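What follows is the residue order along each chain.
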Amino acid sequence: MPKIKIEGNHQLSGTIDVGGAKNSAVALIPAAILCDETVTISNVPNITDVDDLERILIHLNAKINRGENKVEISSENIINKEINEDLSKKLRASYYFMGALLGKFGKVEMYFPGGCAIGARPINLHLKGFELLGATITEEENHFTIEAEQLKGNNIYLDFPSVGATINIMLAAVKAKGKTIIENAAKEPEIVNVATFLNNMGAKIKGAGTSTIKITGVKYLHSCFHEVIPDRIEAGTYLIIASLIGKDLTISNIIPNHLEALIAKLNECGVEMEQGIDYIRVLEPKEYKATSIKTLVYPGFPTDLQQIMATFLTQCKGRSVIEETIYENRFLNLFELNKMGADTKVLANNQKAIIKGKTKLIGTEVNSTDLRGGASLLVAALIAEGTTTIDNIGYILRGYDKIVEKLSSVGAKIEII
Ligand code: UD1
């Protein structure tokens, strides 16, 4: 497994362009197979999660043509066969093939999805949605057979506004007979992006981005061209980097509105930034003060930025508190940060952590625990004194497009070894 080596404490200047959103792209690609013609998706990030979805498409005999940041998918000759355990487990988003294949063929056979070990991550809400649409589910150990003679629209209330369940139910309902209403739906921008894609193909989805989504089933979905929205988590990662070690560093090709919770928290700590329509610029780091964050569903503070924010908080004076409400096990990175000199402590129930700052970070050997945990170490390495080697970087490459090239281009001393 390759490692990333970073010589820290070099100021970063220039512009970093943010790519397409991982969590949109990984839903749009499975959604594309619902189309009865060929679709083109642009601004697709080059990340290993997309490579793994491509493998599943090839396995299903779909035609996929991948350009630099563009994907053309044609599902005319697709064969509905079981997605084996190895392919299913490669990534979390393989679960979107459940909704997409069920919606297209009325049957899907696959295994429990993979993804970072940050909590139990059950899929009961996805399955409940499929059942309410008329599907029967046979579950044997990790294997699922989900089938329906005819999917029929229904009212589905989600006990929790799950991103995955909301999208998966939309995928299954888009060609179902009649009307589906999802109540307490998730409101993340990625959901709006997927609904827009399906509507561009001729689907009838209203209310995406609110907690009530109404879907009227259609019979045929036609060809379309669609663009992935900018990745708000990648943007947030670079904005945190800019706040810590930027010297006139601009993060561009972003939608600042999608980052409101992060921006508010950074401002609270004392970060000064200039905001444009599609960029944020940080002139120089200041002295920052501690704060508290609590992860919530959108538009609250995103759990996917929590671990990276933890690194930022090590550089804030005082006692910061992080409360993680979405996942049960998302503080593993803190043990690694402590190896670099951070003063963090996870409280007994694993849902809260205390970070005392400001602490000097010193380069050492650390281990990437999961995707965003790995990113938190990478940010720490950029500001640390000396050299840091991060192991297990496969996690980081699953979610960050050209991260080494982007950081090198603004002056970071970073390489894959
Ligand atoms: C998606 C994102 C992930 C992000 C998360 C929350 C993708 C591929 N991943 O993950 O990066 O961290 O949203 O913003 O888009 N839950 C259940 N039952 C279910 C579904 C979820 O109990 O059927 C729970 C989960 O265990 C978790 C919470 O709901 O505690 C949130 O999960 P969900 O919003 O579904 O996240 P994912 O779709 O897995």
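Bear in mind the structure is a predicted one, so any value in this text is a computation, not a measurement.

Peer 1: Can you help me understand the overall build of the chain in this one?
Peer 2: For the chain, the count of helices and strands is 14 helices and 24 strands. What you see for the chain is a C-alpha radius of gyration of 21 Å, in line with the 22 Å of a compact globule of 417 residues. With the principal axes as the frame, the chain shows a C-alpha extent of 60 × 45 × 40 Å. Looking at the chain as a whole, 57% of its 417 residues are labelled buried. Contacts spanning at least 24 positions in sequence make up 71% of the contacts within the chain whose residues lie at least 6 apart. Carbon and sulfur atoms make up 47% of the accessible area of the chain, which amounts to about 16,200 Å² in all. Taking the 45 positively charged and 49 negatively charged side chains of the chain as two groups, their mean positions are separated by 4 Å.

Peer 1: I'm lost on unusual backbone geometry in this one. Help?
Peer 2: Both trends apply: most residues other than glycine have a negative phi, and most peptide bonds are in trans. Following Y298, the chain continues into P299 via a peptide bond in cis, with omega recorded as 10°. Between G357 and K358 the backbone carries a cis peptide bond, its omega angle lying at 5°. With respect to the helices, strands and loops of the structure, K358 is situated in the loop between β21 (352-357) and β22 (365-367). Non-glycine residue E141 carries a positive phi angle of around 50°. Here E141 is to be found in the loop between β7 (136-140) and β8 (143-147).

Peer 1: Help me understand the environment of T38 in this model?
Peer 2: Along the polypeptide, T38 turns up in strand β3 (residues 38-42). According to the relative accessible area criterion, T38 is partly exposed, its value standing at 26%. Sequence-wise, T38 and H222 are 184 residues apart; in three dimensions their C-alpha atoms are separated by 7.6 Å. Sequence-distant contacts of T38, that is, excluding residues within four places in its chain, are made with E72, I73, S74, E76, S223 and C224.

Peer 1: Could you clarify how one ought to interpret the state of the cysteines in this entry?
Peer 2: Note on terminology: a disulfide is the covalent bond linking the sulfur atoms of two cysteines. Tallied over the entire structure, the rule returns 0 disulfides. C35 provides the cysteine sulfur closest to C224, a residue in no disulfide bond, and the two sulfurs are 6.3 Å apart. On the accessibility criterion, C224 (10% relative accessible area) is buried. This cysteine, C269, is not joined by any disulfide, and C316 carries the nearest cysteine sulfur, 4.3 Å off.

Peer 1: It is not clear to me how the site of the ligand should be interpreted in this structure. Could you clarify?
Peer 2: Near the ligand lie 19 residues; those nearest to it are Y95, L125, S162, D304 and I326. Within the contact set of the ligand, an oxygen atom lies 2.6 Å away from a side-chain nitrogen or oxygen of D304. With respect to the ligand, the side chain of Y327 contributes an N or O atom lying 3.0 Å from an oxygen atom. Within the residue set of the shell around the ligand, elements represented by two or more residues are α1 (22-32), α5 (124-132), α6 (163-173) and α10 (303-313). Broken down by element, the shell around the ligand gets its largest block of residues, 3 residues, from α5.

Peer 1: Hey, could you run me through the sheet that holds strand β11 (residues 204-206) in this one?
Peer 2: Strand pairing within a sheet occurs via backbone hydrogen bonds; the two strands may be parallel or antiparallel. A sheet is described by the order of its strands in space; here 4 strands give the open sequence β9-β10-β12-β11, paired in mixed fashion. Strands with a single pairing partner mark the edges of an open sheet, and in this sheet they are β9 (155-157) and β11. Averaged over all pairs of adjacent strands, the angle between their axes in this sheet comes to 15°, without regard to strand direction. Pairing of β11 with strand β12 (residues 212-216) involves 3 bridges; the strand directions are antiparallel.

Peer 1: Is there a simple way to explain the packing of aromatic side chains in this structure?
Peer 2: The way to describe two aromatic rings as a pair is by their centre distance and the angle between their planes. The tally for this structure, following the rule as stated, stands at 3 aromatic pairs. Measuring from centroid to centroid gives 4.7 Å for Y95 and Y96, while their planes differ by 75°, and the two rings are edge-to-face. Per residue, the accessibility class of Y95 equals that of Y96, and both read buried. Taking 5.1 Å as the distance between ring centres and 35° as the angle between the ring planes, the aromatic pair formed by Y288 and F312 counts as tilted.

Peer 1: Mind showing me how you'd approach the pairing of β21 here?
Peer 2: A regular strand places its side chains on the two faces of the sheet in alternate fashion. With 6 bridges connecting them, strand β19 (residues 316-323) and β21 associate as antiparallel partners. Bridging from a neighbouring strand, R319 pairs with K356 of β21. Bridging between strand β20 (residues 343-346) and β21 involves 4 bridges; their strand directions are antiparallel. Paired with V346 across the strands is A353, a residue of β21. Connecting β20 to the next strand, β21, in antiparallel fashion are 5 residues, including N350 with a positive phi near 70°.

Peer 1: What is the right way to look at the domain arrangement of the chain in this model?
Peer 2: It is common to report an interface's size as the accessible area lost on association of the parts. Partitioning the chain into domains gives domain 1 (4-19 + 230-416) and domain 2 (22-227). Summarising the inter-unit geometry, the C-alpha centres of domain 1 and domain 2 are found 30 Å apart. Facing the 25 residues of domain 1 at the interface are 23 residues of domain 2. For the pairing of domain 1 and domain 2, the buried interface totals around 2,000 Å² over both sides, and the portion due to carbon and sulfur atoms is 51%. The largest share of the area that domain 1 buries against domain 2 comes from Y298, R398 and D401, three residues that together contribute 31% of it. Run the count over domain 1 and domain 2 and you get 3 salt bridges. Across the salt bridge formed by R398 and D49, the nearest N and O atoms sit 3.0 Å from each other. Inspection of the domain 1/domain 2 interface yields 8 residue pairs in polar contact (both at pLDDT 80 or more). Elements supplying a minimum of two residues to the side of domain 1 that touches domain 2: α12 (371-383) and α13 (394-397). Per-class residue counts for the side of domain 1 that touches domain 2 are 10 nonpolar, 5 polar and 10 charged.

Rules behind the numbers
Residue positions are counted from 1 within each chain, in the order its sequence is given. Two thresholds apply to this predicted model, a pLDDT of at least 70 for residue-level local features and 80 or more for giving and counting side-chain atom pairs, whereas whole-chain, interface and lining totals are computed over all residues. Think of the side-chain values as coming from all heavy atoms in the structure, minus any hydrogens and water. Numbered from the N terminus, helices here are DSSP runs of H or I no shorter than four residues, and strands are runs of E no shorter than two. Atoms counted for the radius of gyration: C-alpha only. Globule rule: 2.2 Å times the number of residues to the power 0.38. For every residue, the accessible area (1.4 Å probe, protein chains only) is compared with the maximum for its type, and the residue is labelled buried under 20%, exposed over 50%, or partly exposed between those bounds. Working rule for contacts: check all heavy atoms of both residues, and any pair within 4.5 Å makes them a contact. To measure how exposed things are, a 1.4 Å probe is used in the Shrake-Rupley method; for residues, cover is taken only from the protein chains shown. The charge count includes Lys and Arg as positive and Asp and Glu as negative, but it does not include His or the ends of the chains. By convention, the point assigned to a charge is CZ for Arg, NZ for Lys, CD for Glu and CG for Asp. In plain terms, two cysteine sulfur atoms within 2.5 Å form what is called a disulfide here. Think of it this way: one heavy atom of a residue within 4 Å of a molecule or strand is enough to make that residue near it. In protein, a polar contact means a hydrogen-donor-capable atom and an acceptor-capable atom, both N or O and within 3.5 Å, with residues adjacent in sequence counting only if both atoms are side-chain atoms; elsewhere, any N or O pair within 3.5 Å suffices. In this scheme, strands are said to pair when DSSP sees at least two bridges between them. Axes here mean lines fitted to C-alpha atoms, for a helix over just the part in contact, with angles spanning 0 to 180 degrees between N-to-C directions. For this analysis, a ring pair means two rings from Phe, Tyr or Trp (six-membered ring only for Trp) whose centres lie within 6.5 Å, classed as stacked if their planes differ by under 30 degrees, edge-to-face if by over 60, and tilted for the remaining angles. Where a domain begins and ends is set by an automatic assignment or by a domain database. By buried area we mean the combined loss of accessible area, with a 1.4 Å probe, across both parts when two parts are placed together. Throughout this description, the term salt bridge denotes a Lys or Arg side-chain nitrogen within 4 Å of a carboxyl oxygen of Asp or Glu. Amino acid classes used here: Ala, Val, Leu, Ile, Met, Phe, Trp, Tyr, Cys and Pro are nonpolar; Asp, Glu, Lys and Arg are charged; the rest, including Gly, are polar.

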